[in-house]
Amino acid sequence: MEIQYQGEHLGFGILGNILIIISFTTALLSAISYYFSFKNKSDLINSWNPLARISFSLHAFSVLGIIVLIYYLIHGHFFEYYYIWQHSNSVLPLKYMWACLWEGQEGSFLIWSFWHVILSFFIIHKAGSWEAPVMFIIMVIQVFLTSMLLGLELDGIKIGSNPFILLRNHPDFANLPFIQMSDYLAKIKDGRGLNPLLQNYWMVIHPPTLFLGFAATAVPFAYAIGGLLTGRVREWVKPALPWTLFGILILGTGVLMGGAWAYESLSFGGFWAWDPVENASLVPWLVLVGALHVMIIFNKNGTSLHSSYLLCTFSFILVLYSTFLTRSGILGDTSVHAFTDLGMKGQLIIYLIFFLVLTILLSFKNRKLLAAPSEEDPVSSREFWMFMGMLILIISAIQISITTSVPVINKLFNLKLAPPADAVDFYNSWQIPLAAVIALLMAVGLYFKWKQTDLKSMSKKLMLSLVASLIITVAIHYYFQFARVQLVLLLFTSIWAFAANLDYLIRVLKGNIAKSGASIAHMGIAFILLGSLIANSEKIVISQNRLNVDLGKDFPNNENILLYQGDTLPMGEYYVTYKDKIKDGIHIRYEVEYLKANHSTGQLRKEFSLFPFVQLNERMGNVSEPSTKHFVERDIYTHVTYAELDDKEEAKKENEGYKPGKKYQLSICDTITTSNSLVVLQSLNKDVDKNLLMLQETDLAVAANILVMDVNKKLHQANPVFILRGSEAFNRPVEITELGLRFAFIKIIPEENKFEIEVSEKVGNSREFIIMKAIIFPYINILWIGCLLMIVGTWIAIVKRIKKLRS
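These notes cover the structure that comes with them. Note that this is a predicted model, so its numbers are computed, not measured.

Criteria and thresholds
- Residues numbered from 1 in each chain as written.
- Predicted model: local features only at pLDDT ≥ 70, side-chain atom pairs only at ≥ 80, totals over all residues.
- Heavy atoms only, no water.
- Helix = DSSP H or I, 4+ residues; strand = E, 2+ residues; numbered from the N terminus.
- Rg over C-alpha atoms; globule rule 2.2 N^0.38 Å.
- Buried < 20%, exposed > 50% of the residue type's maximum accessible area, 1.4 Å probe, protein only.
- Areas by Shrake-Rupley, 256 points an atom, 1.4 Å probe, with all protein chains shown as cover.
- Pairing = 2+ DSSP bridges.
- Core = buried A, V, L, I, M, F, W, Y, C linked by side-chain atoms within 4.5 Å.
- Domains from an automatic or database assignment.
- Expected span 1.5 Å × (residues − 1).
- Bend = angle between axes of the 7 residues up to and from the residue.
- Axes fitted to C-alpha atoms, helices over the stretch in contact; angles between N-to-C directions.
- Parallel < 35°, antiparallel > 145°, perpendicular 65-115°, else oblique.
- Left-handed = near helix turned anticlockwise from the far one by under 90°.
- Contact = heavy atoms within 4.5 Å.
- Nonpolar A, V, L, I, M, F, W, Y, C, P; charged D, E, K, R; others polar.
- Salt bridge = Lys/Arg side-chain N within 4 Å of Asp/Glu carboxyl O.
- Patch = residues over 30% accessible without salt bridge, like charges linked within 9 Å, V, L, I, M, F, W, Y side chains within 5 Å.

**Some remarks on the overall build of the protein**
And step 1. For the protein, the helix and strand inventory stands at 20 helices and 23 strands.
And step 2. Against the globule reference of 28 Å for 807 residues, the protein gives a C-alpha radius of gyration of 31 Å, in line with a compact fold.
And step 3. The principal-axis extent of the C-alpha atoms belonging to the protein is close to 100 × 85 × 50 Å.
And step 4. A buried classification covers 54% of the 807 residues belonging to the protein.
And step 5. For the protein, the computed accessible surface area is about 36900 Å², with 61% contributed by carbon and sulfur atoms.

What follows is the structure in structure tokens.
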């Protein structure tokens with residue numbers, strides 16, 4: 001008998017599936033129509049183009065309809081749909097609901113497809129004779145992207161993942177007993193919710209910006225492939241240049257937004273951690289920047305056509321490769337924010353291989369048309385050094401790609417290569433020298449002339465910025481005392497890159513902003529390098545534990561400070577007080593006052609307060625997020641590394657009693673903290689005196705040898721016992737009265753070689769405390785100013801290229 005389910009709104013799912021089918025079929029029809037539009041030279045061309053546009057319009061409408069429908073379901077808490085249940089809940093603030101849309105793979109593919117739709121409107125109305133070949137490629141890409149939403153299974157092969165699948169039909173739920181009940185929705189109190197790390201304003205704008213950047217890389221790719229398809233292998237570069245700059249602008253902004261999110265929301269303490277997902281978005285940007293420079297060379301003197309094709313096409317193919325890395329589940333063990341595998345790994349590989357093979361075949365077919373001129377660029381020409389800069393960027397991208405791809409290499413060749421133990425130091429050892437060379441080329445590049453340069457005249461123009469940079473470098477190095485030569489080299493070259501481009505803007509361009517795009521963008525990148533160098537290499541951890549307590553290996557005393565509520569302790573140039581604990585919805589905020597001593601009176605005065613917080617999430621785990629005080633010359637970055645999250649006021653109702661115990665699953669030598677001590681599980685003792693404990697001879701008894709060290713470093717011993725009598729398990733707890741602690745040995749977990757210990761504390765002798773880490777990042781605002789300069793400079797360059805295209 002078929003179950004009549006109650007409370008389901010099936011009409012939305014039916015509508016969603018219809019829209020998915022329309023989006024896929026119209027993308028396919030539009031691609032076919034655009035293909036015949038530029039291939040068919042007869043009068044039929046006039047009938048294919050309108051059909052292509054109509055099909056595209058229907059496709060655009062359906063993609064937008066899917067987005068609106070999913071957001072409506074998220075907003076309305078329709079948890080009968082698995083995607084809605086998995087990524088949202090009823091308590092999520094309205095401002096984060098859009099982030100639910102792209103948290104999952106299906107939604108991220110949808111947003112990517114949406115941006116292609118938006119960019120396609122501009123292509124259709126502005127591309128002229130390039131519309132058909134460019135839109136053909138864009139619509140083929142759309143066919144692949146919309147196929148990711150189909151959710152079909154043919155002979156065991158999965159094609160896409162449908163965002164409108166019902167919760168009761170999803171494999172994770174289909175066989176659960178309560179799903180067989182007609183009122184199963186009444187049993188679902190709420191959705192799983194949005195990942196706590198995504199509940200941040202940066203994550204509302206960072207992912208769509210990044211996907212717009214991904215979509216933008218497809219346009220120069222489409223122009224390049226369109227040139228190969230139509231035999232116009234040289235004409236495509238000029239109209240593709242503004243789109244290449246646009247891709248650099250948006251993808252670069254997206255990458256930088258990711259860094260800003262990590263700095264403000266993650267607790268690793270920094271802007272960039274060389275995480276594989278970060279790397280996967282950085283590499284296409286580096287290649288696209290390289291593509292821009294060789295395209296400019298070709299546009300100027302007709303050389304570097306091969307390089308333009310290679311880098312334009314590979315920037316998009318690397319976007320597809322990054323999609324495979326982050327969505328196939330292959331980075332699950334090496335990245336904190338890669339997607340899990342939804343069974344679409346094979347589809348992603350086909351997607352990647354299709355466009356790679358297409359590029360290779362078309363390039364081979366047009367190899368004669370792509371023949372490079374035999375004349376080589378003189379060493380004293382601008383084009384030569386632009387080409388050298390491109391090569392350095394590609395070397396940088398290759399190093400990042402190879403190291404990031406270690407899991408893929410292991411999978412392909414059945415190897416067991418380990419990723420770098422210290423990823424940051426490993427990447428920096430390669431990338432800092434390469435960045436120094438790039439900065440050097442940015443310093444001198446614009447001073448070279450096209451074709452040939454008078455080096456004597458050029459040297460005179462560079463002398464002022466060179467001398468000024470040397471003086472500034474010596475002064476900064478004297479102040480900071482950089483420990484490594486390569487850091488000093490990067491310091492000098494980044495300062496010179498900024499100074500030389502500023503000088504070029506003032507003295508050569510005479511302040512002409514319309515022509516200043518390259519120099520301002522170079523100044524921005526120079527400041528990004530300089531700010532990253534100073535802020536990361538000279539950061540100072542000012543939180544050092546002042547109390548006579550060893551915080552253990554997880555909280556090194558030279559990096560963490562133990563603060564009891566109400567106590568004031570020195571920390572760096574400040575004194576800090578843990579003032580208050582504030583419950584604010586799903587957040588627990590810890591007010592930490594920073595104070596300074598008045599030189600004349602010696603009294604402490606409050607300078608500012610920071611509010612690091614813990615976001616509570618029972619299903620996905622609690623997340624600690626930092627709080628930062630921004631000054632002109634530095635940031636003070638603070639986050640809580642450990643805190644008791646329970647409400648002590650509730651527990652104080654019985655002042656002499658014990659609070660509810662906390663259970664810990666420990667291995668031998670593991671350490672935990674209580675409010676007044678450190679606790680170490682030292683070993684187990686199987687030779688328990690059964691007579692002393694009045695146990696039966698047949699009982700199995702094991703004691704846990706627990707070492708407890710109080711704040712005065714006095715040692716105590718506790719030996720709770722776990723007892724097994726037949727099939728019944730029980731325990732004999734042990735108290736340390738002096739510390740108000742009680743230990744119980746709850747169970748043994750043999751498959752994990754762990755032991756569950758319950759620790760209870762008396763309320764009367766416990767004090768609220770936090771363990772906190774604080775870092776000073778000097779002159780990090782240089783980095784943020786660099787980001788803005790790079791964005792402004794790239795935008796000016798886009799406007800200049802568009803004007804040239806129209807002239």
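**What about the pairing of strand β17 (residues 715–718)?**
And step 1. Across the two faces of β17 the burial differs, with His-716 and Ala-718 buried and Leu-715 and Gln-717 not buried at all.
And step 2. In the sheet, strand β16 (residues 700–710) pairs with β17 via four bridges, with the strands oriented antiparallel. Residue Ile-706 lies in a different strand from β17, and its bridge partner there is Ala-718.

**Some details on the nonpolar core**
And step 1. Judged by nonpolar contacts, the single largest core of 202 residues is most densely connected at Ile-70, Trp-112, Tyr-223, Trp-236, Tyr-351 and Phe-355.
And step 2. Here this core takes 18 residues from helix α8 (residues 201–230), the largest share from any one element.
And step 3. Two domains each provide a minimum of three residues to this core, namely domain 1 (1–197) and domain 2 (200–371).
And step 4. In terms of nonpolar packing, the next biggest core, distinct from the first, is built from 27 residues, Leu-551, Tyr-664, Ala-718 and Ile-757 among them.

**A look at helix α15 (residues 423–445)**
And step 1. A rise of 1.5 Å per residue sets the reference length of α15, with its 23 residues, at 33 Å; its end C-alpha atoms lie 32 Å apart and thus fit the reference within 8%.
And step 2. Residue Ser-429 marks the point of greatest curvature in α15, where the axis turns by about 35°; the proline Pro-433 follows within four residues.

**Structural notes on the packing of helix α1 (residues 10–39) against helix α6 (residues 131–147)**
Helix-helix packing is characterised by the crossing angle of the two axes and by the distance between the axes.
And step 1. Taken N-terminus to C-terminus, the directions of α1 and α6 make an angle of 155°; their axes are 8 Å apart at the nearest point. In terms of orientation, α1 and α6 fall into the roughly antiparallel class. In this structure, α1 meets α6 at a crossing whose hand is left-handed. Between α1 and α6, the contacting residues are Ser-23, Phe-24, Ala-27, Leu-28, Ser-30, Ala-31, Tyr-34, Tyr-35, Ser-37 and Phe-38 on the first element and Glu-131, Ala-132, Pro-133, Met-135, Phe-136, Met-139, Val-140, Gln-142, Val-143, Thr-146 and Ser-147 on the second.
And step 2. When the residues that make up the contact of α1 with α6 are grouped by side-chain class, the tally is 14 nonpolar, six polar and one charged.

**Examining the sheet that holds strand β21 (residues 741–749)**
And step 1. The four strands lie next to each other as β13-β22-β21-β20, forming an open sheet whose pairing is antiparallel. Among the strands making up the open sheet, the edge pair consists of β13 (662–666) and β20 (734–736). When the angles between neighbouring strand axes are averaged without regard to direction, this sheet yields 30°.

**Considering unusual backbone geometry**
And step 1. Although it is not a glycine, Trp-274 adopts a positive phi angle of roughly 55°.
And step 2. By the element assignment, Trp-274 lies in the loop between α9 (237–265) and α10 (276–301).
And step 3. Residue classification places Trp-274 among the buried residues on the basis of a relative accessible area of 11%.

**Things to note about the pattern of salt bridges**
Between side chains of opposite charge, a pair can form as their charged atoms come close.
And step 1. The full count for this structure, using the stated rule, is 15 salt bridges.
And step 2. The shortest N-O distance in the salt bridge between Asp-503 and Arg-507 comes to 2.7 Å. Linking Asp-503 with Arg-507, this pair stays in helix α17 (residues 485–508), spanning four residues, or about one helical turn.
And step 3. Of the charged contacts, one joins Glu-573 and Arg-634 as a salt bridge, the two residues approaching to 2.8 Å between their closest N and O atoms. Of this pair, Glu-573 sits in the loop between β5 (568–571) and β6 (574–584) while Arg-634 sits in strand β12 (residues 634–643), and the two are 61 residues apart along the sequence.
And step 4. Glu-573 sits in the partly exposed class, given a relative accessible area of 43%.
And step 5. We classify Arg-634 as buried; its relative accessible area is 13%.
And step 6. Each of Glu-573, Lys-596, Glu-633 and Arg-634 takes part in a single network of salt bridges with overlapping partners.

**Looking at the side chain of Ser-304**
And step 1. Of note, Ser-304 is situated in the loop between α10 and α11 (305–327).
And step 2. We classify Ser-304 as buried; its relative accessible area is 14%.
And step 3. Ignoring anything within four residues of it in the chain, the contact list for Ser-304 reads Val-294, Ile-297 and Phe-387.

**Notes on the environment of Ala-703**
And step 1. Relative to the assigned elements, Ala-703 resides in strand β16.
And step 2. Discounting residues that sit within four places of it in the chain, Ala-703 has contacts with Ser-683, Leu-684, Asn-685, Val-688, Pro-720, Val-721 and Phe-745.

**Considerations on a nonpolar patch on the surface**
And step 1. Taken together, the side chains of Leu-10, Ile-14, Ile-18, Ile-22, Ile-54 and Leu-58 define a hydrophobic patch exposed on the protein surface, amounting to about 520 Å² of accessible area.
And step 2. At the level of secondary structure, the elements contributing two or more residues to the nonpolar patch comprise α1 and α2 (45–76).
And step 3. Top element by residues in the nonpolar patch is α1. It accounts for four residues.
And step 4. Here Ile-18 is to be found in helix α1.

**Some thoughts on the pairing of strand β19 (residues 728–732)**
Every regular strand shows the same layout, with side chains that alternate between the two sheet faces.
And step 1. Sheet topology note: the strand β18 (residues 721–725)/β19 ladder contains five bridges and is antiparallel. Bridge assignment links Leu-724 to a residue of β19, and that residue is Ala-729.
And step 2. Between β18 and β19, which pair antiparallel in sequence order, lie two residues; one of them, Gly-726, sits at a positive phi of approximately 65°.

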